[in-house]
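This is what each chain is made of:
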Amino acid sequence: MTSQFGRRMEIAGWGHALRTEAEVVRPELVTRLRESLLSGNGIARGLGRAYGDAALATDRVWQTTRLNRMLRLGADGLLTAEAGVSLGEIIRLALPQGWTLPVTPGTQWVTLGGAIAADVHGKNHHEVGTFGQHVTEIILCTADGDLHRIGPDQEPDLFWATVGGMGLTGVIVEASLRLVAAETGYLTVDYERTQGLEETLEWFSGNDAAYPFTVAWIDGLSTGRSLGRAVLMGGRITERRELQQGTEVYPMPRGAIGVPFEFPSGTLSRSVGLAFNAVYYGMHRPERQKREAWWKFFYPLDVADDWYKLYGRRGFAQYQAVYPPEVGARELRALLERIHKARHPNFLGVLKRMGEGSPGLLSFPRAGLTLALDLPMQGERSVELFRDLYAMTADLGGRVYLAKDAFLTQELFRRMYPQWQAFVHLKTRLDPHDRFRSQLSERVGLSGVR
Ligand SMILES: Cc1cc2nc3c(=O)[nH]c(=O)nc-3n(C[C@H](O)[C@H](O)[C@H](O)COP(=O)(O)OP(=O)(O)OC[C@H]3O[C@@H](n4cnc5c(N)ncnc54)[C@H](O)[C@@H]3O)c2cc1C
C-alpha cells in the first residue's frame, strides 16, 4: 500500500529474527520529513544495522538514507553532514584529506544518525569514549516538527538524551562531528593467541595502555580449560614514515561480495561453526605483526554485504552486555558455560575492555568488560537462553546493549539503565503523545503505558 509519504513493506532488524510491516518514508528534504512526521507515529531508521527492534515500528519508519548530503569538511577536521550519510561515505571523503572517524563500530554501513542514536563504541573506547562524545552539534526534528540545534553546550539535557536515545527524542537530520587526523589508511596490528579466559583477560590488563585499538575475538565454541581462548588484536594507525616508498597512503576497498539468498535455517550448524572457529584461531600465529588496510581491521564482516542470510529465515540475535569492573573470569565463565549447557551454537564472540561511560542517559558503554555473541535463533529455546543470560547480566550489575537487543523486559531494562526515569521525564515533556515509538521502546516501557 502506498500513501502520499511512503509505502508499506516488510522491514527487519539486522539479525532478521524480528520482522514487521511498516510504512517506510524516505524523505529527501527536511520539509518533507516534517510534513510526514506531523501526520503519523513511528521511529527514525538509518541503514537498519541494529540487530533487534530498535528501528522497527508498526506504523511508520522515517528512513534517512536520502537525507545524505555531505555539507562541510573544514580544515580543522570538523565535518557537517545530513544524518543519512554512512560512516563508510565519510571515510571515503575524509581519509584522502588526512582525516578519519574518531570512533567506529564494526561495520561502516551505519548512518551518522544511527551512530549518534545508539552512541556507538569502537575498538578504541578505552581511549576515546563513544561516538557521541565527538559530536559537537545535532539538528533534531522533534515531535512538534520544530528543529532544535543542540550540543554539549546548547540544550545539553536534550543533547545527552538524544545521544544514545535510540531515536526516541526525534529524528536527527544533521550533525557535526570532530574527525581525527590519520597519517595513513593502515593499521599496524599485533596479533596474539591465548589458551583460555584468564590469559585473555590478563592480556587486556597489560595491553590496553599500549594500543589505541584493542579487541579479542573469542572462540565461542571451545570449552573446559580452553574456554575463552582468543585471538587478540592490538592496533595503532601506521605512521607515514613506516610505509615503503610508492605505497598508496590512503587505500580504498573494492566492492563487497553478496550472499545471494537466505540459507536454510541451521545451515550454519555447530560443526560448521566449530570448523570456522578452529581455522580462525589457527590462522593467527602468536605475536605476529601485520599491516592492515583500514577496512580489513575495522570491518572484517563487511566483506560480505548481507551475511545475515547465512543464518536462514529464522535469523540470529546478538547478546552484548557490559559488566562492572569487578566482574572477571569466574563470572564470564559462568555465562559462557550457560550457553554450552544449552548446547546452543555460538560462533562469533568479541570481548573488549571499555573505558568510562558517556553522559548519554541511555548510552550503553561503561567501564568494564563487554562481551558480544551472535546466536542463531532456534525458536523458544533461544529465547529462554537469552532470558537466562539477561537475568545473569542484571544480577552481575551489567547491562545489555539496546542496539543489539530483542528480548529485554521492562523490569530488567529499568535495573540496567538507572537513568531511565530522567529519560522518560524528558521524553514525556517533549513528546507527550509518544509520536516517536519503536517496538523496542514499547517492549521496555519507554513509550506507551509507563
Ligand atoms: C556487523 C555489525 C557490527 C556492529 N558493531 C558495532 C560496534 O562495534 N559497536 C557498536 O556500538 N555498535 C555496533 N553495531 C551496531 C550498530 O552500530 C548500531 O545499531 C547503529 O545504530 C546502526 O546504525 P543504522 O544507521 O543502521 O541505524 P538503524 O539500525 O536503522 O537504527 C538504530 C537506532 O538508531 C535510531 N536512528 C537511526 N537514524 C536516526 C536518526 N537520523 N535520528 C534519530 N534516530 C535514528 C533508530 O531509531 C534506532 O533506534 C554493529 C552492527 C553490525 C550489523
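Caption draft 1: Up close: helix α2 (residues 87–94). Along α2, the positions that sit buried rather than exposed are Leu87, Ile90, Ile91 and Ala94. Seen from one end, α2 has its buried residues packed into an arc of 100°, which puts them on one side. The secondary structure elements touched by the buried residues of α2 are β5 (70–73), β6 (78–82), β7 (99–100) and α3 (112–117).

Caption draft 2: Representation of the site of the ligand. With respect to spatial proximity, 33 residues lie near the ligand, and among them Gly46, Pro105, Gly113, Gly114 and Gly167 are the closest. Only β3 (42–45), α3 and β10 (171–178) provide two or more residues apiece to the shell around the ligand. For the shell around the ligand, the element with the highest residue contribution is α3, accounting for four residues.

Caption draft 3: Structural detail: the domain arrangement of the protein. Taken as a whole, the protein is organised into domain 1 (70–182) and domain 2 (186–407). Residue-level contacts link 27 residues of domain 1 with 26 residues of domain 2. Sorting elements by how many residues they give to the side of domain 1 that touches domain 2 places helix α4 (residues 125–128) first, with three residues. Each residue belonging to the side of domain 1 that touches domain 2 can be placed in one class, and the counts come to nine nonpolar, 14 polar and four charged.

Caption draft 4: Summary view of the sheet that holds strand β2 (residues 19–25). Strand order in the open sheet formed by four strands is β1-β2-β4-β3, with mixed pairing between adjacent strands. Each edge of the sheet is formed by a strand with only one pairing partner; in this case those strands are β1 (6–12) and β3. The mean angle between the axes of side-by-side strands here comes to 40°, regardless of whether they run parallel or antiparallel.

Caption draft 5: Structural context of the pairing of β6. Here β5 pairs with β6 via three bridges, running antiparallel. Directly across from Arg72, in β6, lies its bridge partner Thr80. Counting the residues in the hairpin turn of β5 and β6 gives four residues, including Gly77, whose phi is positive at 85°. In this structure, β6 lies alongside β10, joined through five bridges in antiparallel fashion. Pairing of Leu79 across the sheet is with Leu177, part of β10.

Caption draft 6: Main features of the sheet that holds strand β14 (residues 230–237). With antiparallel pairing, eight strands are arranged side by side in an open sheet as β15-β12-β14-β13-β17-β18-β16-β19. Edge positions in the sheet fall to β15 (288–293) and β19 (399–400), since each has one partner strand and no second. As paired elements, strand β13 (residues 213–219) and strand β17 (residues 348–354) share four bridges and run antiparallel to each other. Looking at β17, one finds that Trp217 is bridged to Val350.

Here is what the cut-offs are and how they apply
- Residues numbered from 1 in each chain as written.
- Predicted model: local features only at pLDDT ≥ 70, side-chain atom pairs only at ≥ 80, totals over all residues.
- Buried ≥ 20, exposed ≤ 12 C-beta atoms within 10 Å, placed from the backbone.
- Helix = DSSP H or I, 4+ residues; strand = E, 2+ residues; numbered from the N terminus.
- Arc of directions from axis to C-beta.
- Contact = placed C-beta atoms within 7 Å.
- Near = placed C-beta within 6 Å.
- Domains from an automatic or database assignment.
- Nonpolar A, V, L, I, M, F, W, Y, C, P; charged D, E, K, R; others polar.
- Pairing = 2+ DSSP bridges.
- Axes fitted to C-alpha atoms, helices over the stretch in contact; angles between N-to-C directions.

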